[in-house]
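In case you want the letters, here they are:
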Amino acid sequence: MKLITHNMLTSNILKGVTRGFPLKIKADKMEHISVDYNRDFIARIIPRIEYDALRAAVNDLGLNESLPEAMSETLQQDDEFLKTMHKVLLEYEVEEGELICPETGRKFPISKGIPNMLLQETEVS
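Residues numbered from 1 in each chain as written. Predicted model: local features only at pLDDT ≥ 70, side-chain atom pairs only at ≥ 80, totals over all residues. Heavy atoms only, no water.

Looking at an unreviewed UniProt entry, one finds the chain named Multifunctional methyltransferase subunit TRM112-like protein and attributed to Rotaria sordida. Taken from UniProt, the Sequence similarities (unreviewed entry) comment for the chain reads in full: "Belongs to the TRM112 family." (UniProt positions renumbered as here; feature names shortened; annotations may be inferred.)

*Asks:* Even after reading the chapter, I still don't get the overall build of the chain, so can you show me in this structure?
*Replies:* Scanning the chain for helices and strands turns up 4 helices and 4 strands. Computed over its C-alpha atoms, the radius of gyration of the chain comes to 15 Å, within 12% of the 14 Å expected for a compact globule of 125 residues. Considered along the principal axes of its C-alpha atoms, the chain spans approximately 45 × 30 × 20 Å. Looking at the chain as shown, the accessible area adds up to about 7,300 Å², and 48% of this sits on carbon and sulfur atoms. (Helix = DSSP H or I, 4+ residues; strand = E, 2+ residues; numbered from the N terminus. Rg over C-alpha atoms; globule rule 2.2 N^0.38 Å. Areas by Shrake-Rupley, 256 points an atom, 1.4 Å probe, with all protein chains shown as cover.)

*Asks:* In this structure, what is going on with the pattern of salt bridges? I would like to understand it.
*Replies:* Opposite charge on two side chains makes pairing possible when the charged atoms of those side chains draw close. Under the definition given, this model contains 7 salt bridges. Across the salt bridge formed by Lys29 and Glu31, the nearest N and O atoms sit 4.0 Å from each other. Relative accessible area serves as the criterion here: at 31%, Glu31 is assigned to the partly exposed category. Note that Lys83 and Asp79 form a salt bridge whose closest N and O atoms lie 3.7 Å from each other. (Salt bridge = Lys/Arg side-chain N within 4 Å of Asp/Glu carboxyl O. Buried < 20%, exposed > 50% of the residue type's maximum accessible area, 1.4 Å probe, protein only.)

*Asks:* Any chance you could explain the side chain of Glu95 here in plain terms?
*Replies:* Along the chain, Glu95 turns up in strand β2 (residues 92-100). What Glu95 contacts, discounting residues up to four positions off in sequence, is Lys29, Met30, Glu31, Ile110, Ser111, Lys112 and Gly113. (Contact = heavy atoms within 4.5 Å.)

Encoded structure:
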């Protein structure tokens, strides 16, 4: 699972959950897979990214990537920043691990890079 995917997942569907984003992320196995850099794609996707959640995920995973504390309009045009965002969002893959609801602690397994967000009928609100 790429961090771009993680940034868009939530557990708000769980019964009683109102604050299901961002999901905590724990990796047992990660891979770094090179992906061709596409400046236009990254520049277009950045406004849709929850930046604080991305920084938290980078920290949770212990990635050696330096992301500024805040993202400005100027930074969104900086090529070095865009390359770093490309790497963080598209090149790191969580192969095995889990996503954790910040409110309930419910764990969702990640297996072979695919998060399993299926719920039991009793968990749905």
